[in-house]
2 protein chains.
Amino acid sequence: MADRADAHELRLDVALGPRSYAIQVVSGRPAHLGSFTRRALDATWAGKACRSALVITDQNLASLPHAANCEGALEHAGIACRRAVLAPGEATKNLGSASRLFDELVGMKADRHTAVIALGGGVIGDLAGFVAATYARGLPLLMVPTSLLAQVDSSVGGKVGINHPQAKNIIGAFHQPIGVWIDTDTLNTLPPRELRCGLAEVVKYGVILDAAFFDELEAASAAIIARQPEALRAIVARCCRLKAEVVTRDEREETGLRAVLNFGHTVGHAIEAVAGYNGHFQHGEAVAAGMVAECRLAQRLGWIDPALTERLILLLDRFGLPSSISGLDPAQLLEAMSRDKKNQRGKVRFVLPRCLGRVELTDAAGPEDVLHALNATGA
Amino acid sequence: MADRADAHELRLDVALGPRSYAIQVVSGRPAHLGSFTRRALDATWAGKACRSALVITDQNLASLPHAANCEGALEHAGIACRRAVLAPGEATKNLGSASRLFDELVGMKADRHTAVIALGGGVIGDLAGFVAATYARGLPLLMVPTSLLAQVDSSVGGKVGINHPQAKNIIGAFHQPIGVWIDTDTLNTLPPRELRCGLAEVVKYGVILDAAFFDELEAASAAIIARQPEALRAIVARCCRLKAEVVTRDEREETGLRAVLNFGHTVGHAIEAVAGYNGHFQHGEAVAAGMVAECRLAQRLGWIDPALTERLILLLDRFGLPSSISGLDPAQLLEAMSRDKKNQRGKVRFVLPRCLGRVELTDAAGPEDVLHALNATGA
C-alpha cells in the first residue's frame, strides 16, 4: 500500500461475498463521487432503480462546501437528493434522532430503492447507518466520512448503531455500505482536536496488527500533524486495509478475531460513559487513555514490559493525545465496563497486547487487576 | 405433511445455512419447551454461554398459565428469566415500546448471550424480534407464538419490525429466530376474533401456493372453527411448511419470490393505516378484505374470472371474515399504498392471482384500476 500512496486515487476492495464493496481514497476530487456511487448502486440488487437519496449530515458540514459538492455530484449522476441536517456531537446519536430521520424518510415516501448518504464523522455514519439498516429492513448506504476517525474506523466494517443513555452503541446492527468514499481534503477544515482523535485509532492499528506501521507513524508524525496530503492518504488507506482484512475474516464479530479492534475501547467506552458524553473526553481521547490503561493491565498480567507502554505514551503525546483518565473514578469505570458487549457470563473481557503488533482477547483480568491499572493511569 | 398430522409433535427444519432453525408444533406439552430451547441455543455460536433470557409478553398472556409455564420450562433448562409485560394490541408495536425494552435489557446487563423469548401474538413477535435484532447487534431469539396468526405467519421467516405512525412495519430488520415453538393448546383461550384473523392468512396460503390446501380448507372448515387439535396442528404445520419453502428461497426479499406472501397485504396494510390501527380492522380482517379487493383487481386486469373471487368470499364468510372495505375512502387507501415497501420508482406493486394456487408480482395496475377494484369492494 505504501508504494501506491502517491497516486491520486487509491481503491481497496472489501470482499464480503454479496455484500462486497469498494473504498475509494482521493484528495480533492468531489465530482467523482457521483459516478462512484452510480457504479456502487448498480452492483447491488437494488441499484438500477435508485433515483433518490437522503443525505444525512450535521450543521458543521452543511455550512462547508462538502455537502453541496456531494449533492451536486449525486444529482449529476441522476440521484435526486433531500438533506437532513442534525446537531453535531455524540449527544445526537440517540433514538430520538433516529426517529426524526425515520420521519424524514416516510415524508419523502422512501422505499427500498432510496439511498442513504452518510456525510460526516462517526456520529453521522453510525446514526445514518442504523437508520439505513432498519428502514424498510435495509436501504443502500453510502459512507462519505469527513473526519479522520470516521475515515480510518467507523465507516469501514458495517457496524452501525446509536447510544442508550447508559450504554454506548448498544442499539445497532450489522449493515454493510455499498461503498465508502473518502476525500482527504475534508480533513483540511477539521478542528485540530478532531484530527488528534482520529490519530488515536491510527495508533491503535499499529499496536494491534502492524508493528512496522507503528514505526512509520513515529517517523512520520510531523508530516501527519502538518496534514501533508500524501501522508494522510497513506495512513488512511493503510488503516482501511488493515480494518478490511479483519472485517472480512469476522464480519459479524462471531469468531473473536474482530474483537482485536476493541483494544483501548473497553476502558475507552467506560470513560465516555462515566464522563457522560459531555465533551470532556471525545471518543479518540477516551480510546487513547484506554489504550494506556489496557497496556498497564497487560503489564499487570505479565504480558508486556513497561517499555511498550512508554513508547505508546510518547507517540500519543506527540499527537497531542491524553494518556490518563484525568481523575475519573476507577470504581465507576469498572461498573460501566460490566455492560460491555464483549462480556460473557458477567466477566469483563479485554483485548490486550502480547507484543507490538499482536493482541489477544482475554478474561484473565479480575476486578482488582483492572482497578490497579486504572489507578496507575489516573493522573 | 397431512399424513403426519396426527403425531403429537411435528418438526419442520427451515434450511438457511448458518441461520437454519427448527419449528416444533405440539399440543399441550409446555414442559418440552426447555429442552427444545437449550438444543436450539447450543446449535448457535452464542448458545453455550446463554444462561439468561428476557421473556417479552403482553398482559393477556401474563394472566394465563402460558407465561409461567414457559418460564418454568426455561428455568428448568438452566435459563434464568426476567419478564417484560406490554399492553396488548397493535398500538404497542412502536418505537416507544422498543425503547422501553432496550431499557429492560440494559437494566439486566444483557450481553450477546442473553436470549429474547417472544411469547405472544404477532405484535409481540415483531416487536421483541426487532429488539432482539438491534440490541448488541443481535440477540438469540426464540419465537413462541400463541395466536394462530403468529403461528402460521409472522413467527416464521425472520421479518421483525415496528410501526411508524404513518407506515406499518416500516422500521425493521431481517433477524432469523433460533427456533419456533408452537403449542396449539394456546389457541384454546384465543378470542374467536383472533382465531378468525389467523384463518385469513391460512386461506391466503391456499390462494397463493396450494390449490389442494384451499380445497381441504373448504372441506374442513367446521372442524377448524371447532378448534379440533388435529385439524389445528395440520393447518399450522402446512402453513409453516409453505412459508418456510418461500423464505428459504428468498430470505431477504430480494428475488421477488417472497413477495408472493404479500397477497392481500398491499390493500390490507392500507386499510390498517387509514383505519388507524384503532381496532375497527384487525390485521387478519384487513388482509381478508384486501385479498378480495386484490382479486377484483386481478379480474379488472383479465387475469382471473369472477368465480375465484366468489369462492374466496364464500370461504372467508364461513370463517366469519369480512370481504369489504366497509366504507373506507378509496382515495385515502390509494394514498396509503404509495408508501408500500414493494413499490419501485413510485409505482404501486401488487401480488395478484393468475389462478388458484399461483400469484404474480406486477405493476400493471394503474391508479384508476385500483380505485375501480376498491369501489367494487366497498360495501
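A short note on the overall build of chain A
And step 1. A tally of helices and strands in chain A yields 14 helices and eleven strands.
And step 2. Taken against the 2.2 N^0.38 rule, which gives 21 Å for 379 residues, the C-alpha radius of gyration of chain A at 20 Å falls within 12% of a compact globule.
And step 3. Seen through its principal axes, chain A has C-alpha atoms that stretch 60 × 40 × 40 Å.
And step 4. Taken across its 379 residues, chain A has 63% of its residues classed as buried.
And step 5. At a minimum sequence separation of 6, the contacts of chain A that also span at least 24 residues come to 74%.
And step 6. When the accessible surface of chain A is summed, it comes to about 13,000 Å², and 51% of that surface belongs to carbon and sulfur atoms.
And step 7. Here chain A carries 40 positive and 41 negative side-chain charges, and the mean point of each set is 5 Å from the other.

Examining the pattern of salt bridges
Residue and element names in this part refer to chain A.
And step 1. The full count for this structure, using the stated rule, is 42 salt bridges over all chains.
And step 2. Taking the shortest distance from any N to any O, the salt bridge between Glu251 and Arg19 comes out at 2.8 Å. Here Arg19 lies in the loop between strand E1 (9-14) and strand E2 (21-26) and Glu251 lies in the loop between helix H9 (229-249) and helix H10 (265-275), a separation of 232 residues in the sequence.
And step 3. Taking relative accessible area as the criterion, Glu251 reaches 17% and is therefore assigned buried.

Some thoughts on empty space enclosed by the protein
Residue and element names in this part refer to chain B.
And step 1. As enumerated under the stated definition, the model contains three cavities of 30 Å³ or more in all.
And step 2. Forming the boundary of the largest cavity are 13 residues, of which Lys168, His269, Ala336, Arg339 and Asp340 lie nearest the centre.
And step 3. Among the secondary structure elements, those contributing two or more residues to the lining of the largest cavity are strand E8 (167-174), helix H10 (265-275) and helix H13 (330-337).
And step 4. Tallying contributions element by element places H10 first for the lining of the largest cavity, with four residues.
And step 5. Of the residues belonging to the lining of the largest cavity, the class tally is six nonpolar, three polar and four charged.

Some thoughts on the sheet that holds strand E2 (residues 21-26) of chain B
Residues and elements named next belong to chain B.
And step 1. Read across the open sheet, the seven strands follow the order E1-E2-E9-E6-E5-E3-E4; overall the sheet is mixed. Strand pairing shows two members of the sheet lacking a second neighbour, strand E1 (9-14) and strand E4 (80-86), which therefore form its edges. Between one strand axis and the next, the sheet turns through 15° on average, direction left out of account.
And step 2. In this structure, E1 lies alongside E2, joined through six bridges in antiparallel fashion. Its bridge partner being in E2, Glu9 is matched across the sheet by Val26.
And step 3. Packed onto the sheet, helix H5 (residues 122-134) meets strand E3 (52-58), E4, strand E5 (114-120) and strand E6 (141-145) and runs at close to 165° relative to E5.

Thoughts on the interface of chain A and chain B
And step 1. Across the contact, 40 residues belong to chain A and 40 residues belong to chain B.
And step 2. Summing the contributions of chain A and of chain B, the shared interface buries around 3,700 Å²; its carbon and sulfur component is 55%.
And step 3. Applying the counting criterion to the chain A and chain B interface returns two salt bridges.
And step 4. Measuring nitrogen to oxygen at the nearest pair gives 3.5 Å for the salt bridge that ties Glu335 of chain A to Lys109 of chain B.
And step 5. Where chain A touches chain B, the interface holds 16 residue pairs in polar contact (both at pLDDT 80 or more).
And step 6. Looking at the side of chain A that touches chain B, the elements with two or more residues in it are helix H4 (95-107), helix H5 (122-134), strand E7 (159-164) and strand E8 (167-174) of chain A.
And step 7. Looking at which element gives the most residues to the side of chain A that touches chain B, the answer is E8 of chain A, with six residues.

Details of the sheet that holds strand E4 (residues 80-86) of chain A
Residues and elements named next belong to chain A.
And step 1. Reading across the sheet, the seven strands line up as E1-E2-E9-E6-E5-E3-E4 and stay open at both edges, with mixed pairing between neighbours. Every other strand in the sheet has two partners, leaving E1 and E4 as the edge strands with one partner each. Across the sheet, the mean angle from the axis of one strand to that of its neighbour is 15°, orientation sign disregarded.
And step 2. As judged from the five bridges shared by strand E3 (residues 52-58) and strand E5 (residues 114-120), these two strands associate in the parallel manner. Bridging from a neighbouring strand, Ser52 pairs with Thr114 of E5.
And step 3. Packing of H5 onto the sheet brings it into contact with E3, E4, E5 and strand E6 (141-145), and relative to E5 it is tilted by some 165°.

Here we look at the pairing of E1 of chain B
And step 1. On E1 of chain B, burial follows the alternation: Leu10, Leu12 and Val14 of chain B on one face are buried, whereas Glu9, Arg11 and Asp13 of chain B on the facing-out side are not.
And step 2. Connecting E1 of chain B to the next strand, E2 of chain B, in antiparallel fashion are six residues, including Gly17 of chain B with a positive phi near 60°.

Regarding the relation of the copies chain A and chain B
And step 1. Once turned by 180° and shifted 0.0 Å along the axis, chain A lies on chain B with an RMSD of 0.0 Å. In the structure described here, the two chain copies are related by an operation that fits a two-fold rotation axis.

Structural notes on the nonpolar core
Considering soluble globular proteins, one finds that nonpolar side chains tend to be buried as a cluster.
And step 1. Formed by 227 residues in total, the largest nonpolar core has its most connected members in Ile23 of chain A together with Ile23 of chain B.
And step 2. Excluding residues within four positions of it along the chain, Ile23 of chain A makes contact with Leu10, Arg11, Leu12, Val14, Val156, Val180, Ile182 and Cys240 of chain A.

Considerations on the side chain of Arg38 of chain A
All names here are of chain A.
And step 1. One can find Arg38 in helix H1 (residues 33-42).
And step 2. Of the polar contacts made by the side chain of Arg38, one reaches the backbone oxygen of Cys50; its length is 3.1 Å.
And step 3. Setting aside its immediate chain neighbours within four residues, Arg38 contacts Gly47, Lys48, Cys50, Arg51, Ala77, Gly78 and Ile79.

Brief notes about the state of the cysteines
Residue and element names in this part refer to chain A.
And step 1. This structure, assessed with the given rule, holds zero disulfides over all chains.
And step 2. With no disulfide of its own, Cys50 lies closest to Cys81 among cysteine sulfurs, the gap being 9.3 Å.
And step 3. The buried category is assigned to Cys50, whose relative accessible area is 0%.
And step 4. Here Cys295 stays free of any disulfide, with the sulfur of Cys355 as its closest cysteine sulfur at 11 Å.

Structural notes on the packing of helix H7 (residues 192-209) of chain B against helix H9 (residues 229-249) of chain B
Residues and elements named next belong to chain B.
And step 1. Interaxial distance between H7 and H9 falls to 10 Å at its minimum, and their mutual angle equals 55°. By the angle class used here, H7 and H9 are oblique. The two elements H7 and H9 meet at a crossing, and its hand is left-handed. Residues Leu199, Val202, Tyr205 and Leu209 of H7 form the contact with H9, whose participating residues are Ile235, Cys239, Leu242, Lys243 and Val246.
And step 2. Of the residues that constitute the contact of H7 with H9, the class distribution is eight nonpolar, no polar and one charged.

Some words on the environment of Arg227 of chain A
All names here are of chain A.
And step 1. Tracing the chain through its elements places Arg227 in the loop between helix H8 (211-225) and H9.
And step 2. Along the backbone, Arg227 and Leu187 are 40 residues apart, and their C-alpha atoms lie at a distance of 7.9 Å.
And step 3. Not counting residues within four places of it along the chain, the set of residues in contact with Arg227 comprises Leu187, Asn188, Leu190, Pro191, Pro192, Leu195 and Leu232.
And step 4. Within the structure, Arg227 has its side chain in polar contact with the backbone oxygen of Leu190 (distance 2.8 Å).

Notes on the pairing of E8 of chain A
And step 1. The element E8 of chain A is largely enclosed, with a buried count of eight among its eight residues.
And step 2. The turn joining E7 of chain A and E8 of chain A, which pair antiparallel and follow one another in sequence, is formed by two residues.

Basis of the calculations
- Sequence positions are assigned chain by chain, starting from 1 and proceeding in written order.
- Working convention: letters from A go to chains and numbers from 1 go to ligands, in the order in which they are written.
- Since the coordinates come from a predicted model, pLDDT governs what is reported: local features require at least 70, and pairs of side-chain atoms require 80 or more to be given and counted, while whole-chain, interface and lining totals use all residues.
- Just so you know, side-chain values use all the structure's heavy atoms and leave hydrogens and water out.
- Helical segments are the DSSP runs of H or I of at least four residues, strand segments are the runs of E of at least two, and each set is numbered from the N terminus.
- A radius of gyration in this sense is built from C-alpha atoms; the matching globule rule multiplies 2.2 Å by the number of residues raised to 0.38.
- Burial classes: relative accessible area under 20% of the type maximum marks a residue as buried, over 50% as exposed, and values in between as partly exposed (1.4 Å probe, protein chains only).
- Contacts are residue-level and defined by heavy atoms, with any inter-residue pair within 4.5 Å sufficient.
- With residues, only the protein chains shown are counted as cover, and all accessible areas are computed by Shrake-Rupley using a 1.4 Å probe.
- His is not counted, nor are the chain ends; Lys and Arg add positive charge and Asp and Glu add negative charge.
- Note that the charge is assigned to NZ on lysines, CZ on arginines, CG on aspartates and CD on glutamates.
- By salt bridge we mean one thing: a side-chain nitrogen of Lys or Arg within 4 Å of a carboxyl oxygen of Asp or Glu.
- Lining residues are defined by having an atom within 4 Å of a point belonging to a cavity or pocket. Those points lie on a 1 Å grid over the protein atoms alone, cavities being sets where a 1.4 Å probe fits but cannot get out and pockets being open sets with protein on both sides within 12 Å along at least five of seven lines.
- Grid points are joined across faces, edges and corners, and a volume is the space filled by probe spheres set on the points.
- Residues are grouped as follows: nonpolar covers Ala, Val, Leu, Ile, Met, Phe, Trp, Tyr, Cys and Pro; charged covers Asp, Glu, Lys and Arg; every other residue, Gly included, is treated as polar.
- In this analysis, strands are considered paired if DSSP registers two or more bridges between them.
- Between N-to-C directions, angles cover 0 to 180 degrees, with each direction set by a line fitted to C-alpha atoms, over the stretch in contact for helices.
- Buried area counts how much accessible surface, traced with a 1.4 Å probe, disappears from two parts once they are put together, with both parts' losses summed.
- Contacts described as polar in this section are N or O atom pairs within 3.5 Å, which, within protein, must combine one atom able to donate a hydrogen with one able to accept it, while residues neighboring in sequence count only if both atoms come from side chains.
- Least squares is the method for superposing the copies, and the C-alpha atoms it fits come from residues with pLDDT of at least 70 in both.
- The set of buried Ala, Val, Leu, Ile, Met, Phe, Trp, Tyr and Cys residues whose side-chain atoms join them within 4.5 Å is what this entry labels a nonpolar core.
- A pair of cysteine sulfur atoms is labelled a disulfide when the two atoms are within 2.5 Å.
- Just so you know how the angles are binned, under 35 degrees is roughly parallel, over 145 roughly antiparallel, 65 to 115 roughly perpendicular, and the rest oblique.
- Here a crossing is taken to be left-handed if its near helix is turned anticlockwise relative to the far helix by less than a right angle, and right-handed if that turn runs clockwise.

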